[in-house]
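Breakdown of the fold
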Amino acid sequence: MKHIQKRILVTGGAGFLGSHLCDRLVEEGHEVLCLDNLFTGAKRNIGHLIEKPNFELIRHDLVEPILLEVDEIYNLACPASPIHYQFNPVKTVKTSVMGAINMLGLAKRVKAKILQASTSEIYGDPTVHPQTEGYWGNVNTIGIRSCYDEGKRCAETLFFDYHRQNRVNIRVVRIFNTYGPRMHPNDGRVISNFIVQALSNSDITVYGRGEQTRSFCFVDDLIEGLVRMMNAPDDFIGPVNMGNPDEFSILELAQMVIRLTGSRSKIIFEPLPQDDPLQRQPDISLAKEHLNWEPTLNLEQGLTRTIEYFRTIMV
Ligand code: NAD
Ligand code: UDP
């Protein structure tokens, strides 16, 4: 398929999702500017792109303003795993809020279209299940997850205010748990933790009793959704949920990882972190209806590919 070449900024482009998005946009022939402060991202995630004539890495912290000439902005910069966003919670809020202000200001000035990587965390510990976009959430304002949840909620507010007040062309996507190759092996997220533990035959650490649920989306499916949303007609701005609606308990996930890796690991139980949501499952009717988007890979297929990746980096 032939695409019109655009100049596209990906903030957080050296991270897990951002690097896959850069791959996709470079492949389509766009001029891609990857902006990252390399806090949780890494040069190795985009090393294969550095020599490409239509790719550029800009090392910059999104909390500081920057002026660039671009047609589109995917705003992904923000640490996403609890151990990283809790490492410096004040900075996490600054990245979400000041980062959004800086990018929305840029979008306004150069008339770029801008997509925000929001999150299912804006629903908090949801009392509505599965979560629809019309649900306003159940979020603790003062807990250890609040820096991430409230930062992302405020970013959504800013997006909609810039849209109403300044006619900025926005898109807001609420991403549910996504996994795949290039997840950081030590970032503490459940899929990377379990695979690393299983491949090294160490104990699998299930927090709580493992009855809490999540719905896991493979990265390629999510990237397809983000690109479709950016290219959606201007009257569909979101917020739109994106994730895989297949719901699993964390204990089921642990058992599946053990089976797929053929590991000798044992499951052990550790305390449940504060404010850990009990259940999470996206209602993706809106994405289906407006974008004709739904995930194509189930958990077992996606885990198999992710395990292959971790085998190559753990030798
Ligand atoms: P990640 O930690 O791998 O990527 C985030 C990137 O942002 C990293 O490269 C990091 O260095 C960069 N960054 C952080 N703070 C920055 C700053 N101040 N200035 C410039 N760059 C900065 O995480 P990810 O999983 O790739 O997540 C990407 C985005 O998607 C995040 O905004 C996250 O909130 C959102 N999201 C991800 C998931 C998921 O399951 N992976 C779910 C919901 C939302
Ligand atoms: N979890 C777990 N063991 C781990 C890491 C995470 O049981 O080693 C649980 C965690 O308590 C949560 C779920 O897995 O209930 C998903 O955690 P993750 O940090 O990946 O994402 P989030 O909580 O942000 O959805």
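Residues numbered from 1 in each chain as written. Chains lettered and ligands numbered in written order. Predicted model: local features only at pLDDT ≥ 70, side-chain atom pairs only at ≥ 80, totals over all residues. Heavy atoms only, no water.

1. What about the site of ligand 2?
Around ligand 2 there are 18 residues in total, and V190, N193, T205, D276 and R280 lie nearest to it. At 2.8 Å, a backbone N or O of V190 approaches an oxygen atom of ligand 2. Interatomic distance of 2.7 Å between a side-chain N/O atom of R280 and an oxygen atom of ligand 2. Calculation on ligand 2 without its partners gives an accessible area of 520 Å², and the protein chains cover 95% of this total. Among the secondary structure elements, those contributing two or more residues to the shell around ligand 2 are α6 (190–199) and β8 (204–207). Residues belonging to the shell around ligand 2 are distributed by class as follows: 7 nonpolar, 5 polar and 6 charged. (Near = heavy atom within 4 Å. Polar contact = N/O pair within 3.5 Å; in protein donor to acceptor, adjacent residues only side chain to side chain. Areas by Shrake-Rupley, 256 points an atom, 1.4 Å probe, with all protein chains shown as cover. Helix = DSSP H or I, 4+ residues; strand = E, 2+ residues; numbered from the N terminus. Nonpolar A, V, L, I, M, F, W, Y, C, P; charged D, E, K, R; others polar.)

2. A look at the pattern of salt bridges
Should their charged atoms come close, side chains of opposite charge can pair. Applying the stated criterion across every chain yields a total of 20 salt bridges. Taking the shortest distance from any N to any O, the salt bridge between R145 and D276 comes out at 3.9 Å. Residue R145 is located in the loop between β5 (113–119) and α5 (146–166), and its partner D276 is located in the loop between β13 (267–270) and α9 (285–291); the two are separated by 131 residues in the primary sequence. Neither R145 nor D276 differs from the other in exposure class; each is buried. Within the structure, one salt-bridge network assembled from shared partners comprises E121, R145, R214, D276 and R280. (Salt bridge = Lys/Arg side-chain N within 4 Å of Asp/Glu carboxyl O. Buried < 20%, exposed > 50% of the residue type's maximum accessible area, 1.4 Å probe, protein only.)

3. Regarding the sheet that holds β5
What holds strands together in a sheet is hydrogen bonding between their backbones, with the strands either parallel or antiparallel. The strand order across the open sheet formed by 7 strands is β3-β2-β1-β4-β5-β6-β11, and the pairing between neighbours is parallel. The strands lining the two open edges of the sheet, one partner per strand, are β3 (55–59) and β11 (240–242). Neighbour-to-neighbour, the strand axes of this sheet turn through a mean angle of 20 degrees, independent of strand direction. In this structure, strand β1 (residues 7–11) lies alongside strand β4 (residues 72–75), joined through 4 bridges in parallel fashion. Bridged to L9 within β4 is I73. Relative to β1, helix α1 (residues 16–27) is tilted by about 170 degrees, and along the sheet it contacts β1, β2 (31–36), β3, β4 and β6 (170–175). Packed on one face of the sheet, helix α7 (residues 219–230) meets β4, β5, β6 and β11 and runs near 160 degrees to β6. (Pairing = 2+ DSSP bridges. Axes fitted to C-alpha atoms, helices over the stretch in contact; angles between N-to-C directions. Contact = heavy atoms within 4.5 Å.)

4. A closer look at helix α8 (residues 250–261)
Helix length check: α8, at 12 residues, gives a terminal C-alpha distance of 17 Å against a target of 16 Å (1.5 Å per residue), a fit within 8%. Among all positions of α8, only I250, L253, A254, M256, V257, I258 and T261 are buried. Those residues of α8 that are buried lie in contact with α6, β8, β9 (213–215), β12 (247–249), β13 and α10 (299–313). Taken from the residues just after α8, G262 is the one with a positive phi, measuring 65 degrees. (Expected span 1.5 Å × (residues − 1).)

In short, geometric facts, not functional conclusions.
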